[in-house]
Amino acid sequence: MIAIVLRRLGSVLLVMLVVAALSFLIFNFLGDPVNNILGVNATLEEREALRRALGLDQPTWVQFWHFLERAVVGDFGISYRNRQPVMDLILSRMPATVELVLCATVLALAVGVPMGVYCALRPRGVLSRVLQMVSLIGISIPQFLLGMLLILVFSVELRWLSAFGRGEVVEIGWWSTGLLTDSGRKALIMPVLTLAVFQISMIMRLVQGEMQEVLRADFIKFARARGLPDRAVNLRHALRNSLLPVVTVVGLQIGALIAFAIVCEAVFQWPGLGLLILQAIEYADFPVMAAYLALVGFGFAMINLTVDMIYLFIDPRMRRK
Amino acid sequence: MSRTLASLRAAMDSDLAWRFRQSPPAMVAATLLLVMVVCAVAAPLIAPHTPFDPGTLNLMDSRLPPAWVDGGMLTYPLGTDEQGRDVLSTIFYGMRISIAVGVAAVLLSVVIGVTLGLVAGWCGGWVDAAIMRLGDVQLSFPTIMIAFFIDGVAKAVMPPDLREMTRFYVVIFAIGIADWVQFARTVRAATMIEKNKDYAAAARLSRVPGLKILFAHVLPNTLGPVIILATLGLGVAILTEAILSFLGLGMPPTQPSLGALIRVGNDLLLSGEWWISMFPGLALVLLVLSVNIFGDWLRDALNPRLK
């Protein structure tokens, strides 16, 4: 068991090292900090002095080490565009994205799992067929198109919801939340729905498939033979055993949600990390791009690690290997 | 002539063709796909207008709704955008670019993935470990994220004039690089089995050079699953391109793919001109859906375990 954990940690470390190296490449070689700080009119001596002060005359691996030291404490330099520390920018944008992704995940699980269970128990029912059709559409429609459709219906035609922004937010320390105001909650509806529809469809199909398989297993027949009530058989025995792959997929999907949040934020002009990185690309703001890459890489590595650990925790068979 | 007829008849009678005729969804998807590919390839011949020739555009005809809505004109069946371009024609030309980028990106993934997979499976040892580790690292990120980053960095680095010219290739490169791992894994596993089979040993005994055995004898035997993966990958690649273009990182407005058309239409959505974005969107959905349904069918039809 400890060996498995150590091996996982090793691969996480490898991922982080690769990400840090890429992030360093963007930060150091694509951007030109000297030009950026002094402007193009500085003299050669001034440039040389600044290069030395910034440590740019040292060997690459020394610079990489300094980059790592600073990255660990969250120092990614100054944004070219906003003239603010990159980390402050990222921290001010993070709550919007985290709120969006978490709400979408909760919604996807709360709706997707029950729908999957229902479809597995009554595969031939009318409602099941309708749900399966809807989920096929949910998987096939691109997220940005769904978002635009929602805007068209609810903002342009019905004029119920605002098509962009977060509404009013409440500051709690450095965290800003839209969950505590009416306009903030209303603003969340369409982006969360846009992000969640694909996940709902996928989780539903996954749960249904797994559960139909488990329902055919011998231990389920045995449980029925013991005279256990349907409810106990279905929920305590069948559902529990079909949730294992769901854990993996949901974990990986949270990662994908961070990526798809970029699209969603672009559609709804949601002021989160996605819009930040899109603007950074537009203005060649390399420090922000480097920091975003490092942060997202760290996030993915942590999510993967957590999923593996949960797996070890809930499935005893994994521990014995 | 009679020979081609005979081989055509053999193809029609084959197991695969029979399975195809048994599956209505696959037939519908394949027909739809065929129609769309024909429209895309023959766009210059069959499109009612030439949307990218400024000489033929009339600004008076801009923002016209579809023909069946009040104010629409029959010459522009699906309406016009803000420059007076016929939406139906831009869709034909847009599909051309979307399909071209998708196919090229998948081919790139296949070439990279198959080569690395063959090498990893054939060599084993540290070469294998290095290639597969690289794949593991890449797989811990979603494909879309990798394509997004390659594309974004390329865009930020290039001066604006170079950006427009190279866009097509940069997008293909970004998507192609992002998706090689699945091909490498499949081919590697197949290579490791094939290289120990008798025919490979016989070739080795008769002193056929290693590289020749690998590419002439082992490679063809690993390609079956690759074809299925590539078909399913095509849907993902077309969708990824659309997302990149929608975010402004893909094809430029002068050379728009379906995603770029939707991006242009998105700015006009709030003023109620829905047809400029929704029709290209519908075309995208139909394209991706038919590729996916056809790919799913192909996977099941070629799966020996389901026979």
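Worth saying up front: this structure is predicted, and the values here are computed from it rather than measured.

Quick notes on the overall build of chain A
Next up, step 1: The helix and strand inventory of chain A stands at 14 helices and two strands.
Next up, step 2: In terms of overall dimensions, chain A has a C-alpha envelope of 85 × 60 × 35 Å along the principal axes.
Next up, step 3: Scored against the burial criterion, the 321 residues of chain A give a buried share of 36%.
Next up, step 4: Of the contacts formed within chain A by residues at least 6 apart in sequence, a portion of 70% connects residues at least 24 apart.

Structural notes on the overall build of chain B
Next up, step 1: Each helix and strand in chain B was counted, giving 13 helices and zero strands.
Next up, step 2: Going residue by residue from the N terminus, the α and β elements of chain B occur as α-α-α-α-α-α-α-α-α-α-α-α-α.
Next up, step 3: By the burial criterion, 45% of the 307 residues in chain B qualify as buried.
Next up, step 4: Taking as baseline every contact in chain B between residues at least 6 positions apart, the subset at least 24 positions apart corresponds to 68%.

Considerations on the interface of chain B and chain A
Next up, step 1: Each partner contributes residues to the interface: chain B has 34 residues there, and chain A has 31 residues.
Next up, step 2: When residues of the side of chain B that touches chain A are traced back to their parent elements, those giving at least two are helix H6 (125–139), helix H7 (143–157), helix H11 (210–246), helix H12 (258–266) and helix H13 (275–302) of chain B.
Next up, step 3: With nine residues, the top contributor of residues to the side of chain B that touches chain A is H7 of chain B.
Next up, step 4: Residue classes in the side of chain B that touches chain A are distributed as 24 nonpolar, seven polar and three charged.

Let's talk about the nonpolar core
Next up, step 1: If you look at the biggest cluster of nonpolar residues, it comprises 163 residues, and the most contacted ones within it are Leu 100, Ile 203, Val 263, Met 289 and Tyr 292 of chain A.
Next up, step 2: Here this core takes 18 residues from helix H5 (residues 87–123) of chain B, the largest share from any one element.
Next up, step 3: The contacts of Val 263 of chain A, once residues within four sequence positions are left out, are Gln 143 and Phe 144 of chain A together with Ile 243, Phe 246 and Leu 247 of chain B.

A closer look at the environment of Val 156 of chain A
Next up, step 1: Relative to the assigned elements, Val 156 of chain A resides in helix H7 (residues 143–157).
Next up, step 2: Among the residues examined, Val 156 of chain A registers 16 C-beta atoms within 10 Å and is labelled partly exposed.
Next up, step 3: Aside from chain neighbours lying at most four places away, what touches Val 156 of chain A is Ile 151 of chain A together with Leu 269, Leu 270 and Gly 272 of chain B.

Describing unusual backbone geometry
Next up, step 1: The phi torsion at Gln 269 of chain A lies on the positive side, around 45 degrees, for a residue other than glycine.
Next up, step 2: In this structure, Gln 269 of chain A sits in the loop between helix H11 (244–268) and helix H12 (273–282).
Next up, step 3: Classification of Gln 269 of chain A by C-beta neighbours within 10 Å gives partly exposed; the count is 13.
Next up, step 4: Here the phi dihedral of Arg 207 of chain B falls at roughly 60 degrees; this positive angle occurs in a residue that is not glycine.
Next up, step 5: Its location among the elements puts Arg 207 of chain B in the loop between helix H10 (198–205) and H11.
Next up, step 6: A residue is classified by how many C-beta atoms lie within 10 Å of it, and Arg 207 of chain B, with 6 of them, is exposed.

Thoughts on the packing of helix H5 (residues 86–121) of chain A against helix H8 (residues 182–215) of chain A
To characterise two packed helices, one gives the angle between the axes of the helices and the distance between these axes.
Residues and elements named next belong to chain A.
Next up, step 1: Where H5 contacts H8, the axes come no closer than 6 Å and their chain directions differ by 35 degrees. Seen along the crossing, H5 lies across H8 with a hand that is right-handed.
Next up, step 2: Of the residues that constitute the contact of H5 with H8, the class distribution is 24 nonpolar, five polar and no charged.

Looking at the confidence of the model for chain B
Residues and elements named next belong to chain B.
Next up, step 1: On average, residues of chain B carry a pLDDT of 82, and 89% of them reach 70 or more.
Next up, step 2: Considering each helix and strand of chain B separately, the mean pLDDT is smallest for helix H1 (residues 2–13), with a value of 71, and largest for H5, with 90.
Next up, step 3: If you check the scores for this complex, the pTM reads 0.84 and the ipTM reads 0.81.

Some details on the confidence of the model for chain A
Next up, step 1: Here chain A shows a mean pLDDT of 80. Residues at 70 or above account for 95%.
Next up, step 2: Per-element confidence in chain A is highest for H5 of chain A, whose mean pLDDT is 87, and lowest for helix H2 (residues 33–38) of chain A, whose mean pLDDT is 67.

Some thoughts on the environment of Ile 141 of chain A
Next up, step 1: With respect to the helices and strands, Ile 141 of chain A occurs in the loop between helix H6 (126–140) and H7.
Next up, step 2: Each C-alpha atom, one on Ile 141 of chain A and one on Phe 198 of chain A, is 8.2 Å from the other, the two residues being 57 residues apart in sequence.
Next up, step 3: Among all residues touching Ile 141 of chain A, those that are not within four sequence positions of it are Leu 146 of chain A together with Val 285 of chain B.

Observations regarding the environment of Asn 241 of chain A
Residues and elements named next belong to chain A.
Next up, step 1: Along the polypeptide, Asn 241 turns up in helix H10 (residues 230–242).
Next up, step 2: Classification of Asn 241 by C-beta neighbours within 10 Å gives partly exposed; the count is 17.
Next up, step 3: Along the primary structure Asn 241 and Val 214 are separated by 27 residues, whereas in three dimensions their C-alpha atoms are 7.1 Å apart.

A look at H10 of chain B
Next up, step 1: Of all the eight residues making up H10 of chain B, zero are buried; the element is thus mostly uncovered.
Next up, step 2: Note on H10 of chain B: the residue one or two positions beyond its end, Arg 207 of chain B, has a positive phi of about 60 degrees.

Definitions and cut-offs
Residues numbered from 1 in each chain as written. Chains lettered and ligands numbered in written order. Predicted model: local features only at pLDDT ≥ 70, side-chain atom pairs only at ≥ 80, totals over all residues. Helix = DSSP H or I, 4+ residues; strand = E, 2+ residues; numbered from the N terminus. Buried ≥ 20, exposed ≤ 12 C-beta atoms within 10 Å, placed from the backbone. Contact = placed C-beta atoms within 7 Å. Nonpolar A, V, L, I, M, F, W, Y, C, P; charged D, E, K, R; others polar. Core = buried A, V, L, I, M, F, W, Y, C linked by C-beta atoms within 7 Å. Axes fitted to C-alpha atoms, helices over the stretch in contact; angles between N-to-C directions. Left-handed = near helix turned anticlockwise from the far one by under 90°. pLDDT = per-residue confidence, 0-100.

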